[in-house]
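Architecture and fold: a report
Here is how the chains run, residue by residue.
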Amino acid sequence: MSKKTKDSADQKKAPAEKKKKEKIIYIDDGSTVADMTNTRKPEKGPPRRKSTMREKWRTYISVVKRLTPLMLCTLLAFTIIFLFLLLISGRLF
C-alpha cells in the first residue's frame, strides 16, 4: 500500500516540474537608453526647411546684444575687486 501512495504522489509532482517557463529574449540593437530617435511619429506635410545664413546671423547679433551688458557688468565687478585688493595690499599708490 505504501508503494501505491508514493507512486501516485510522484505522478502529481511530475507534471508540475515539466512545465517550462517562457524565456524572454531581449535583443540589443546597440542604441543607448537616451536614444529616442525612433519614438516620434513622422511629421505630416513638407519637411522642415533649414535656417538660412541670414537668420543665423540675426540670431547671433540678438544674442550678443543681450549678453554684452552682462559681460560689461562682470568686467566692472572684477575691476572693482582687483582695485580693492590692490588698495588693501598697499600697492595702488
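Now for a description of the structure that goes with this document. The model shown is predicted, which means the values in this text are computed figures rather than measured ones. (Residues numbered from 1 in each chain as written. Predicted model: local features only at pLDDT ≥ 70, side-chain atom pairs only at ≥ 80, totals over all residues. Heavy atoms only, no water.)

Along the backbone of the protein chain there are 2 helices and 0 strands. Buried residues in the protein chain amount to 0% of all 93 residues. (Helix = DSSP H or I, 4+ residues; strand = E, 2+ residues; numbered from the N terminus. Buried < 20%, exposed > 50% of the residue type's maximum accessible area, 1.4 Å probe, protein only.)

Okay, the pattern of salt bridges next. Following the criterion strictly, the structure yields 1 salt bridge and no others. In this structure, the salt-bridge partner of R49 is E55, at a minimum N-O distance of 3.1 Å. Using a relative accessible area of 33% as the deciding quantity, one classes E55 as partly exposed. (Salt bridge = Lys/Arg side-chain N within 4 Å of Asp/Glu carboxyl O.)

Glancing now at a nonpolar patch on the surface. Side chains of M71, L72, L75, F78, I81, F84, L85 and I88 sit close together on the surface and give an oily, nonpolar patch of about 850 Å² of accessible area. Inspection of the secondary structure assignment puts I88 in helix α2 (residues 53-89). We classify I88 as exposed; its relative accessible area is 56%. (Patch = residues over 30% accessible without salt bridge, like charges linked within 9 Å, V, L, I, M, F, W, Y side chains within 5 Å. Areas by Shrake-Rupley, 256 points an atom, 1.4 Å probe, with all protein chains shown as cover.)

Over its 37 residues, α2 extends 52 Å from the first C-alpha to the last, a length consistent with the 54 Å expected when each residue adds 1.5 Å. Along its length, α2 reaches its greatest deviation from straightness, about 35°, at L67, and the proline P69 lies no more than four positions downstream. Phi for G90, located one or two positions after α2, is positive at around 90°. (Expected span 1.5 Å × (residues − 1). Bend = angle between axes of the 7 residues up to and from the residue.)

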